[in-house]
Amino acid sequence: MARLAGTSTAVVSYVINNGPRPVAPATRERVLAAIKELGYRPDRVAQAMASRRTDLIGLIVPDARQPFFGEMAHAVEQAASERGKMVLVGNSDYIAEREVHYLRAFLGMRVSGLILVSHALNDLAAAEIEAWDARVVLLHERPEAFDDVAVVTDDLGGAQLAVRHLLEHGHDYVACVGGTAETPPVGDPVSDHVEGWRRAMAEAGIPTKGRLFEAPYNRYDAYRVGLEILSGPDRPPAVFCSTDDQAIGLLRAARELRIDVPGELAVAGFDDIKEAALADPPLTTVASDRPAMARAAVDLVLDDGLRAAGSRRERLKVFPSRLVVRRSCGCGG
């Protein structure tokens, strides 16, 4: 191949491996033409053995069946593909032992880096990461147990936007559907959503006692909780749900109880999953730039600049949230 391209085997290697040294554009074109003519296919296993790294990125999410995590995983896969990498996905199912299982499995495969969406990273998982000296970026959540580079949304500010908007419609108060007793009080998006709700209510001088309801993050359990909330004697005039999936479950409960949304009940969610626009009625929610977050996480986990980050502020990349107004809140959009 080197003879056909009119260059050295070292230069051919630089082209195939995209480094470590730069190759002049004309030379690179000759090498690529020779590769195509000869039908060469790189031996990825041999390359991984030589470099002790693969072209793989490990991604661990709580549950890819939930639309938000499915959409985030897809965004990570697209961003990784742009960098010539493939993605391995593991579902922790919110179980610490499964998270550690995938950590060990992916690190044992010598992935180029790990992107971790951890519900509550425990000390064992943190120790496993430290032992392997792994490249890790936390995405969407930032557990206290592992203070590493994180890419997140302004969850607290976004929740405040949604609750303020509901209050601007003249409701006496806004109830909140938060997480469960297992939701970490710090570093978890849902806990930040609840705190944002509390702050927006406090700004308006409205008490929150008795107006926070626990529910799992998925629509199916949220639907059952919604039936209880909406069929009680003190039905709230408006509800802010910590996830769109919860809000979709709540809308289903309202429809079943023949409660008009938004005429008798205003609803807002958080995440702006694709289904939010197709909900009945279309769901007002809070959006983040998932493709940009995924791209940032991939770039951070692959680039050496990851190690250079110093302070906590430098190691935390926060993307802004924006309110997406649709009909469920009472607006006509």
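Residues numbered from 1 in each chain as written. Predicted model: local features only at pLDDT ≥ 70, side-chain atom pairs only at ≥ 80, totals over all residues. Heavy atoms only, no water.

## Observations regarding the packing of aromatic side chains
For step 1, the next point in the chain: Evaluation of the coordinates by the stated rule reveals 3 aromatic pairs.
For step 2, the next point in the chain: Between the aromatic rings of Phe68 and Phe69, the centroid separation amounts to 5.4 Å while the plane-to-plane angle is 80°, which identifies the pairing as edge-to-face.
For step 3, the next point in the chain: For Phe69, a relative accessible area of 5% gives the class buried.
For step 4, the next point in the chain: Centre to centre, the rings of Tyr102 and Phe106 are 5.7 Å apart; their planes meet at 40°, and the pair counts as tilted. Remark: Phe106 and Tyr102 occur in helix α6 (residues 96–108); sequence separation between them is 4 residues, near one turn of the helix.
For step 5, the next point in the chain: The ring of Tyr173 is capped by Arg211, whose NZ or CZ atom sits 3.8 Å from the centre of that ring.
For step 6, the next point in the chain: When the ring centre of Tyr223 is taken as origin, the NZ or CZ atom of Arg252, which lies over that ring, is 5.7 Å away. (Phe/Tyr/Trp six-rings, centres within 6.5 Å; stacked < 30°, edge-to-face > 60°. Buried < 20%, exposed > 50% of the residue type's maximum accessible area, 1.4 Å probe, protein only. Helix = DSSP H or I, 4+ residues; strand = E, 2+ residues; numbered from the N terminus. Lys NZ or Arg CZ within 6 Å of the ring centre and 35° of its normal.)

## Description of the packing of helix α5 (residues 67–82) against helix α12 (residues 290–302)
For step 1, the next point in the chain: Where α5 contacts α12, the two axes come as close as 8 Å, and the packing angle between them is 50°. Here α12 runs oblique to α5, going by the angle between their axes. Where α5 crosses over α12, the two elements pack in a sense that is right-handed. For the pair α5 and α12, the contacting residues are Phe68, Glu71, Met72, Ala75, Val76, Ala79, Ala80 and Glu82 in the first and Arg290, Pro291, Met293, Ala294, Arg295 and Val298 in the second.
For step 2, the next point in the chain: For the contact of α5 with α12, the residue count by class is 10 nonpolar, no polar and 4 charged. (Axes fitted to C-alpha atoms, helices over the stretch in contact; angles between N-to-C directions. Parallel < 35°, antiparallel > 145°, perpendicular 65-115°, else oblique. Left-handed = near helix turned anticlockwise from the far one by under 90°. Contact = heavy atoms within 4.5 Å. Nonpolar A, V, L, I, M, F, W, Y, C, P; charged D, E, K, R; others polar.)

## Points about the packing of helix α10 (residues 219–231) against helix α11 (residues 244–256)
For step 1, the next point in the chain: Remark: α10 packs on α11, axes separated minimally by 7 Å, with the N-to-C direction vectors making an angle of 45°. Taken together, the axes of α10 and α11 lie oblique to each other. Once α10 is placed against α11, the crossing between them reads as right-handed. Contact residues: Arg219, Ala222, Tyr223, Gly226, Leu227 and Leu230 in α10; Asp245, Gln246, Ile248, Gly249, Leu250, Arg252, Ala253, Ala254 and Glu256 in α11.
For step 2, the next point in the chain: Taken together, the residues of the contact of α10 with α11 sort by class into 8 nonpolar, 3 polar and 4 charged.

## Comments concerning the pairing of strand β3 (residues 113–116)
For step 1, the next point in the chain: Here β3 shows two buried faces, one formed by Gly113 and Ile115 and the other by Leu114 and Leu116.
For step 2, the next point in the chain: Both strand β1 (residues 56–61) and β3 contribute to a ladder of 4 bridges, which runs parallel. If you follow Ile57 over to β3, its bridge partner there is Gly113.
For step 3, the next point in the chain: For β3 and strand β4 (residues 136–139), the ladder comprises 3 bridges, and the chain directions are parallel. Its bridge partner being in β4, Leu116 is matched across the sheet by Leu138. (Pairing = 2+ DSSP bridges.)

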